[in-house]
Amino acid sequence: MKLKINGIEHELDIDTRTSLLDACRDHLGFTGSKKGCDHGQCGACTMLVNGRRINSCLTLAVMHEGDEITTIEGIGQPDKLHPMQEAFLHHDGFQCGYCTPGQIVSAVGMLGEVKDNWPSHASDNVTGDANLSSDEIRERMSGNICRCSAYPNIVDAIESASAKMKETA
Amino acid sequence: MRPFEYARASDVTEAGKLAGRFIAGGTNLLDLMKLEVETPDKLVDITRLPLRDIETTDDGGLRIGALVTNSDLAADPRIRKDYELLSRALLAGASGQLRNKATTGGNLLQRTRCGYFYETSQPCNKREPGSGCAAIGGFNRIHAILGASKNCIATHPSDMAVAMRALGAVVETQKADGSTREIAVDDFYRLPGDTPQIESELQEGELITAVRLPKPIAGVHRYRKVRDRASYAFALVSVAAIVRTDGGKIAEARLAFGGLAHMPWRDEAVEKALIGEAPSMALFDKAADILLAEARGQGENDFKIPLARRTLKAVLADATKGA
């Protein structure tokens, strides 16, 4: 089968049981995405599929032929960081760092959802415009767990990246 | 995970003929397959089927394709404007990542989150009929207080399905032989009784193709979910409500409840007791009396009985505010 990761197509021969996460990590060497719980509860494995964030541990690789998959490696690289990555560094949005790739990919996906004016459970009015208060960020990011509890700095990082991305948009 | 054969369906008729377990979002099925609670021999991938549209029906309602994701449904301008409780229920469920994957059809068919159903070393009549129910007398804080049986006290975990029941939605299906039918959400689910492994009226190989909503129901729409943390947790108790008042009296009330039973719960006697009456705490207490007349706790979940009462009263008070 073929998988298109970060814009490049890869050929693989894998068991039908292989999750998208395992295909990327164990077969293609994209080890940035992490395996935390392997049950869709922690968000460490978050990837973008056709621009939307999902738990890559809870989906089969074989179901994603033809999709555009983005891992943390496709968000930015050490010599060319994404504004979200820079903001996490600047605001110290992590301690051990294990959940960080998932947090960053999820945050990038989440900003796309806000841009598309999706409401959230924290929205006062589901028919109004999406805004990004810190309560909104906390609600929208609740699928990403940080056991070091770096949440205050994660929220700061996302707020500042969001403002910066708007400026340069 | 046990090995399985994988097939991809290219149209709806073919999906039925491929004779396997349907997979769409997979967020619940794959989770259960990893634990070997579910062990299908064959998966039929239905994600390429053309069931992703939300279209207006002749009677002014909406037909939601079975593969519309929970995110897309919650964000649809028509749902947000005319079916607010559905948007609210969806947004109260799961996480952003899961809602982007989970589908309308799959959400209806979510399995219970009973810990004994998930733990294959334990007896569970739902997982292994005849093996017993470890939740009775066990850890049963999240379990049912209404409609349970001596064989199963599990609850249905969906928020979306609770809103669908309050809205009077209809499930459209295609059977394995290609014939189609529709089942009202009111008739779709089953109580556990002696066969807790059978959770809905769907037959083997029957595929949900769409969920149909009636034309918009006027009134205040509310979905109130009470849970252990503020986000990303299943409901202990939830209340979906559409309440319309007219001249200081309740003219229409549609109520459905999550977290209480093996299915999204609805009791028309509760609704009837409210209609034509002026809103008051005494009236809401009377409604709660009717709802909870047969309620029975299992020990750890006894708190759900007063919690359901308080949540219902709070929702009714909020929905009739200023009437």
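Residues numbered from 1 in each chain as written. Chains lettered and ligands numbered in written order. Predicted model: local features only at pLDDT ≥ 70, side-chain atom pairs only at ≥ 80, totals over all residues. Heavy atoms only, no water.

1. So, the overall build of chain A
Turning to step 1, where the next piece is worked out: Looking only at helices and strands, chain A features six helices and five strands.
Turning to step 2, where the next piece is worked out: Taken from the N to the C terminus, the helices and strands of chain A come in the order β-β-α-β-β-β-α-α-α-α-α.
Turning to step 3, where the next piece is worked out: Taking 2.2 N^0.38 as the reference for a compact globule, 169 residues should give roughly 15 Å; the C-alpha atoms of chain A span a radius of gyration of 16 Å, in line with that estimate.
Turning to step 4, where the next piece is worked out: C-alpha atoms of chain A, sized along the principal axes, occupy 45 × 35 × 30 Å.
Turning to step 5, where the next piece is worked out: Counting across all 169 residues of chain A, residues that qualify as buried make up 52%.
Turning to step 6, where the next piece is worked out: In chain A, once contacts between residues fewer than 6 apart in sequence are set aside, the share between residues at least 24 apart is 56%. (Helix = DSSP H or I, 4+ residues; strand = E, 2+ residues; numbered from the N terminus. Rg over C-alpha atoms; globule rule 2.2 N^0.38 Å. Buried < 20%, exposed > 50% of the residue type's maximum accessible area, 1.4 Å probe, protein only. Contact = heavy atoms within 4.5 Å.)

2. Section: the interface of chain A and chain B
Turning to step 1, where the next piece is worked out: Facing 37 residues of chain A, the contacting portion of chain B comprises 40 residues.
Turning to step 2, where the next piece is worked out: Roughly 3,200 Å² of surface becomes buried between chain A and chain B when both sides are summed, with 53% attributable to carbon and sulfur atoms.
Turning to step 3, where the next piece is worked out: Considering only the side of chain A, the residues that lose the most area to chain B are A:Arg17, A:Leu58 and A:Met63, jointly responsible for 22% of the buried surface there.
Turning to step 4, where the next piece is worked out: Taken together, the connections running from chain A to chain B amount to two salt bridges. (Buried area = accessible area lost by both parts, 1.4 Å probe. Salt bridge = Lys/Arg side-chain N within 4 Å of Asp/Glu carboxyl O.)

3. Details of the sheet that holds strand E9 (residues 220-226) of chain B
All names here are of chain B.
Turning to step 1, where the next piece is worked out: The strand order across the open sheet built from three strands is E9-E10-E11, with neighbouring strands paired in antiparallel fashion. On the outer flanks of this sheet lie E9 and strand E11 (249-258), each paired with one strand and no other. Across this sheet, the average inter-strand angle for adjacent strands is 15°, counted without regard to direction.
Turning to step 2, where the next piece is worked out: Looking at chain direction, strand E10 (residues 237-246) and E11 are connected through nine bridges and run antiparallel. Each bridged residue has a counterpart across the sheet, and for Arg 244 the counterpart in E11 is Glu 252. (Pairing = 2+ DSSP bridges. Axes fitted to C-alpha atoms, helices over the stretch in contact; angles between N-to-C directions.)

4. Notes on unusual backbone geometry
Residues and elements named next belong to chain A.
Turning to step 1, where the next piece is worked out: Backbone geometry places Asn 6, a non-glycine residue, at a positive phi of 50°.
Turning to step 2, where the next piece is worked out: Among the structural elements, Asn 6 can be located in the loop between strand E1 (2-5) and strand E2 (8-11).
Turning to step 3, where the next piece is worked out: Take Asn 6: its relative accessible area is 24%, and that puts it in the partly exposed class.

5. With respect to the nonpolar core
Turning to step 1, where the next piece is worked out: Within the largest apolar cluster, 82 residues are counted, with the highest numbers of intra-cluster contacts made by B:Leu73, B:Leu86 and B:Met164.
Turning to step 2, where the next piece is worked out: Broken down by element, the residue count for this core peaks at seven residues, all from helix H9 (residues 160-167) of chain B.
Turning to step 3, where the next piece is worked out: Excluding its chain neighbours within four sequence positions, the residues that come into contact with B:Leu86 are B:Ile64, B:Leu73, B:Ile79, B:Met160, B:Ala163, B:Met164, B:Leu167 and B:Leu213.
Turning to step 4, where the next piece is worked out: Judged by nonpolar contacts, the second largest core, of 30 residues, contains A:Phe30, A:Met47, B:Leu29 and B:Met33. (Core = buried A, V, L, I, M, F, W, Y, C linked by side-chain atoms within 4.5 Å.)

6. Brief notes about the UniProt feature "domain: FAD-binding PCMH-type" (unreviewed entry) in chain B
Turning to step 1, where the next piece is worked out: In this structure's numbering, the residues bearing the UniProt feature "domain: FAD-binding PCMH-type" (unreviewed entry) are residues 1-218 of chain B.
Turning to step 2, where the next piece is worked out: Within the segment residues 1-218 of chain B, helix and strand shares are 27% and 16% respectively, and the terminal C-alpha atoms sit 47 Å apart. (UniProt positions renumbered as here; feature names shortened; annotations may be inferred.)

7. Some thoughts on the environment of B:Leu109
Residue and element names in this part refer to chain B.
Turning to step 1, where the next piece is worked out: Mapping Leu 109 onto the fold places it in the loop between helix H7 (104-108) and helix H8 (115-118).
Turning to step 2, where the next piece is worked out: On the basis of relative accessible area, Leu 109 is assigned to the partly exposed category, the value being 35%.
Turning to step 3, where the next piece is worked out: As for Leu 109 and Leu 29, which are separated by 80 residues in sequence, their C-alpha atoms are 9.8 Å apart.
Turning to step 4, where the next piece is worked out: Apart from residues no more than four positions distant in its own chain, Leu 109 is found in contact with Phe 188, Ser 200, Leu 202 and Ile 208.

8. Focus: the pairing of strand E7 (residues 180-184) of chain B
Residues and elements named next belong to chain B.
Turning to step 1, where the next piece is worked out: Relative to E7, strand E6 (residues 170-174) runs antiparallel, the two sharing five bridges. Bridge pairing in E7 links Gln 174 to Thr 180.
Turning to step 2, where the next piece is worked out: Hairpin remark: E6 followed by E7, antiparallel, with five residues in the connecting loop; positive phi at Gly 178, about 95°.

9. Examining the packing of aromatic side chains
All names here are of chain B.
Turning to step 1, where the next piece is worked out: Following the criterion strictly, the structure yields two aromatic pairs over all chains and no others.
Turning to step 2, where the next piece is worked out: Between Phe 117 and Tyr 118 the ring centres are 6.1 Å apart and the planes differ by 80°, which places this aromatic pair in the edge-to-face class.
Turning to step 3, where the next piece is worked out: On the basis of relative accessible area, Phe 117 is assigned to the buried category, the value being 2%.
Turning to step 4, where the next piece is worked out: By relative accessible area, Tyr 118 is classed as buried at 17%.
Turning to step 5, where the next piece is worked out: With 5.0 Å between their ring centres and 90° between their planes, Phe 188 and Tyr 189 make a pair best called edge-to-face. The same class applies to Phe 188 and to Tyr 189, which are both buried. (Phe/Tyr/Trp six-rings, centres within 6.5 Å; stacked < 30°, edge-to-face > 60°.)

10. Some thoughts on the pattern of salt bridges
Any two side chains of opposite charge can pair if their charged atoms end up close together.
Residue and element names in this part refer to chain B.
Turning to step 1, where the next piece is worked out: Taken as a whole, this structure holds 35 salt bridges over all chains when the rule is applied.
Turning to step 2, where the next piece is worked out: Between Glu 36 and Arg 2 there is a salt bridge whose closest N-O contact spans 3.1 Å. With a gap of 34 residues between them, Glu 36 in the loop between helix H2 (29-34) and strand E3 (42-45) and Arg 2 in the segment before strand E1 (5-8) connect regions that are remote in the sequence.
Turning to step 3, where the next piece is worked out: One salt-bridge network, in which partners are shared between bridges, spans Arg 21, Glu 38, Arg 111, Lys 126 and Glu 199.

11. Some thoughts on the layout of surface pockets
Turning to step 1, where the next piece is worked out: Empty space within the second largest pocket amounts to approximately 440 Å³.
Turning to step 2, where the next piece is worked out: Listed by contribution, the elements that provide at least two residues to the lining of the second largest pocket are strand E4 (52-55) of chain A together with helix H3 (70-75) and helix H6 (96-101) of chain B. (1 Å grid on protein atoms, 1.4 Å probe; cavity = no way out; pocket = protein on both sides within 12 Å on 5 of 7 lines; lining within 4 Å. Points joined across faces, edges and corners; volume = space filled by probe spheres on them.)

12. Digging into the domain arrangement of chain A
Residues and elements named next belong to chain A.
Turning to step 1, where the next piece is worked out: Domain annotation for chain A reports domain 1 (2-74) and domain 2 (83-168).
Turning to step 2, where the next piece is worked out: On a C-alpha basis, the centres of domain 1 and domain 2 stand 21 Å from each other.
Turning to step 3, where the next piece is worked out: Taken together, the 15 residues of domain 1 in the interface contact 19 residues of domain 2.
Turning to step 4, where the next piece is worked out: Each partner contributes to the roughly 1,300 Å² buried at the junction of domain 1 and domain 2, and carbon and sulfur atoms together form 54% of this total.
Turning to step 5, where the next piece is worked out: Broken down residue by residue, the surface that domain 1 buries against domain 2 is led by Arg 52, Arg 53 and Ile 72, which jointly contribute 47%.
Turning to step 6, where the next piece is worked out: Applying the counting criterion to the domain 1 and domain 2 interface returns two salt bridges.
Turning to step 7, where the next piece is worked out: Where domain 1 packs against domain 2, one counts eight residue pairs in polar contact (both at pLDDT 80 or more).
Turning to step 8, where the next piece is worked out: Where the side of domain 1 that touches domain 2 is concerned, the elements lending two or more residues are strand E3 (46-49) and E4.
Turning to step 9, where the next piece is worked out: Tallied by class, residues from the side of domain 1 that touches domain 2 come to five nonpolar, six polar and four charged. (Domains from an automatic or database assignment. Polar contact = N/O pair within 3.5 Å; in protein donor to acceptor, adjacent residues only side chain to side chain. Nonpolar A, V, L, I, M, F, W, Y, C, P; charged D, E, K, R; others polar.)

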